[in-house]
Amino acid sequence: MKIAVLRETAPGEARVAATPETVKKFIALGATIAVEAGAGEHASIADAAFAEAGASVGDRAATLSGAEIVLGVQGPAPEGLPRGAWVAAGLNPFSERARVDAYAAAGVEALAMEFMPRITRAQSMDILSSQSNLSGYKAVLDAAAEYGRAFPMMMTAAGTVSAARVFVMGVGVAGLQAIATARRLGAQVSATDVRAATKEQILSLGAKPIFVEAVKGIEGEGTGGYATEMSDEYKVAQAELVSSHIAKQDIVITTALIPGRPAPRLVSDAQVASMRPGSVIVDLAVEQGGNVEGAVAGEVVVRHGVKIVGHRNVPSRLAADASALFARNLFNFLSAFWDKEAGRPVLDAEIGDAIRLTKDGQVVNPRLTGAA
Ligand code: NAD
C-alpha cells in the first residue's frame, strides 16, 4: 500500500499533509510513503527529514505512481491522480464543486476531511477543530500586532495603561481559543454566540457572556453541534445588543460560521464606525463571505479609523504546528480503520459515507447531491 504526499499548490498554502512523525507511523503500519520534493519547505520540514523518516522523495509523477492513497491539505489537481486511489484532504466541497466533479471523472475516491462527523471517536481526526484552534490563537496575536496599544493593564511610573477590551463573536473551537489567548495576554474579554450552551464555556474561561435573552429560537444549535440560521426576531435583538457593546470594545474577533452557507453578517459598517479609532477587528470568516461589513479577504483595510484584518488561510500562518496537527488528523483517521489483513484502511459506513464525495465515477455525497 503506497501513500503519496503532495506538495501543496494553492497560493499562500504553507502547510503539508504529513510530517516525519506520521511518515514513521504509516511505515510502522506496513505502508510505503512517497513525498513530493519540497512538500514540507514552508512548514520547516526539509526533504531530507522526510527521507530520514523512511519516505521516498521525488517529483509529482513519481510520487503519484502506483499510489493508492493521496494525502493533501487542500485538494490536489485531478490530473495525474491514479484511478481508484483515495484522495484524503480538505476539499472545500461547496466552493470547489467543479473540482469534485473532476475527481469523479478521474475515477478517484475523494474523501473530504472537513465532513468528518462530530462524534467522539472522530475528534482526533477532525481537521476543522485542529486548524480552528490555531486560527483562534493566531487571530488574537494578529489583532495585538495591529493594535497600537497594549493588551494587559500596566501600572508604570509614568502612569497606568488600561487593559484592552476584547469581544469574541462566535464561540466554537476558534472562539474558545481566542478567548483563552486574549485572557492570557491580560485583556478584558467578553464573548457571544447563538448556541446557548457556550455561555458556561465563556464563563469557565473567565470571560463575560453577552447574550440575547428571551427571544424565540435562542437554542441556535442544529445537528452535530453546529449553529443554525437564526430567526429574524433574534437577529434584530442580537444586532441591538451587540451595537451597544461593540462601541466600547478595542478588539473584536469574529469566527461565526454556518456549514454550507455564507457566514452570517455580525458587524455592520455603522458598528465599525462606532468603535474608537485605532481599534482592530479580525474577521476569521472572511473567506466564507465575512462576518464584518467591509472586510476584504487577504487584506488589512482601515474603515472609520478601525483596522479590519482579513487574512486568508490563517492556520497556514502557523504552518509548522498546523501541519503537525493536520498530519496527525490524517494518520488518526487512516490508522483507526487499518485492516491488517487487507494491508490498507477499510472505512465503516458512519464515517465513510459522511466524508466520501465521489466513487466509481459519480458524486455520491448526499450533502452535494441534494439528498441530505
Ligand atoms: P463553527 O466553526 O461552525 O462556527 C463557529 C461558531 O460561530 C459556532 O460556535 C457557532 O455557533 C457560531 N455562530 C454561528 N452563527 C452565529 C451568529 N449569528 N452569531 C454568533 N455566533 C454564531 O463551529 P465549530 O468551532 O466547528 O464548533 C461547533 C460545535 O461543535 C462546538 O460545540 C464544538 O465544541 C463542537 N465540536 C465537536 C467536535 C466533535 O465532537 N468531534 C469537533 C469539533 C467541534
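For clarity, every value in this text was computed on a predicted model and none was experimentally measured.

Quick word on the nonpolar core
Inside soluble globular proteins, nonpolar side chains tend to come together where they are buried.
Then, number 1: Val70, Leu71, Val87 and Ile253 are the most contacted members of the largest nonpolar core, which totals 110 residues.
Then, number 2: Considering every element that reaches this core, the biggest residue donor is helix 10 (residues 319-336), with 10 residues.
Then, number 3: There are two domains that each give this core at least three residues, and those are domain 1 (2-125 + 318-361) and domain 2 (147-312).
Then, number 4: Those residues in contact with Ile253 that sit more than four places away from it in its chain are Ala139, Val140, Ala143, Val166, Val168, Ala178, Val282 and Leu284.

So, the pairing of strand 14 (residues 300-303)
Then, number 1: Here strand 14 pairs with strand 15 (residues 306-309) via 4 bridges, running antiparallel. Bridge pairing in strand 15 places Val301 opposite Ile308.
Then, number 2: Where strand 14 hands over to strand 15, the hairpin turn is made up of 2 residues, of which His304 adopts a positive phi near 55°.

Re the packing of helix 1 (residues 20-29) against helix 10
Then, number 1: At their nearest, the axes of helix 1 and helix 10 sit 10 Å apart, and the two run at 10° to each other. On the basis of the axis angle, helix 1 is roughly parallel to helix 10. Handedness of the helix 1/helix 10 crossing: left-handed. Residues Thr22, Lys25, Phe26 and Leu29 of helix 1 form the contact with helix 10, whose participating residues are Ala327, Arg328, Leu330, Phe331 and Ser335.
Then, number 2: For the contact of helix 1 with helix 10, the residue count by class is 5 nonpolar, 2 polar and 2 charged.

A short note on the sheet that holds strand 2 (residues 32-36)
Then, number 1: Spatial ordering of the open sheet is given by 3-2-1-4-5-6, a layout of 6 strands whose pairing is parallel. The sheet is open, and its two borders are formed by strand 3 (56-58) and strand 6 (109-112), each paired with just one other strand. Recorded for the sheet is a direction-independent mean angle of 20° between the axes of neighbouring strands.

Brief notes about the packing of helix 5 (residues 127-146) against helix 10
Then, number 1: At a closest axis distance of 9 Å, the pairing of helix 5 and helix 10 adopts a crossing angle of 165°. Between helix 5 and helix 10, the crossing angle belongs to the class labelled roughly antiparallel. Read as a crossing pair, helix 5 and helix 10 show a hand that is right-handed. Of the residues in helix 10, those in contact with Ile127, Ser130, Gln131 and Leu134 of helix 5 are Asp321, Ala322, Leu325, Phe326 and Asn329.
Then, number 2: Across the contact of helix 5 with helix 10, the residue classes tally to 5 nonpolar, 3 polar and 1 charged.

Notes on the domain arrangement of the chain
Interface size, as often reported, equals the accessible area lost upon joining of the parts.
Then, number 1: With domains assigned, the chain is organised as domain 1 (2-125 + 318-361) and domain 2 (147-312).
Then, number 2: A straight line from the C-alpha centre of domain 1 to that of domain 2 covers 34 Å.

Rules and cut-offs
- Residues numbered from 1 in each chain as written.
- Predicted model: local features only at pLDDT ≥ 70, side-chain atom pairs only at ≥ 80, totals over all residues.
- Core = buried A, V, L, I, M, F, W, Y, C linked by C-beta atoms within 7 Å.
- Buried ≥ 20, exposed ≤ 12 C-beta atoms within 10 Å, placed from the backbone.
- Helix = DSSP H or I, 4+ residues; strand = E, 2+ residues; numbered from the N terminus.
- Domains from an automatic or database assignment.
- Contact = placed C-beta atoms within 7 Å.
- Pairing = 2+ DSSP bridges.
- Axes fitted to C-alpha atoms, helices over the stretch in contact; angles between N-to-C directions.
- Parallel < 35°, antiparallel > 145°, perpendicular 65-115°, else oblique.
- Left-handed = near helix turned anticlockwise from the far one by under 90°.
- Nonpolar A, V, L, I, M, F, W, Y, C, P; charged D, E, K, R; others polar.

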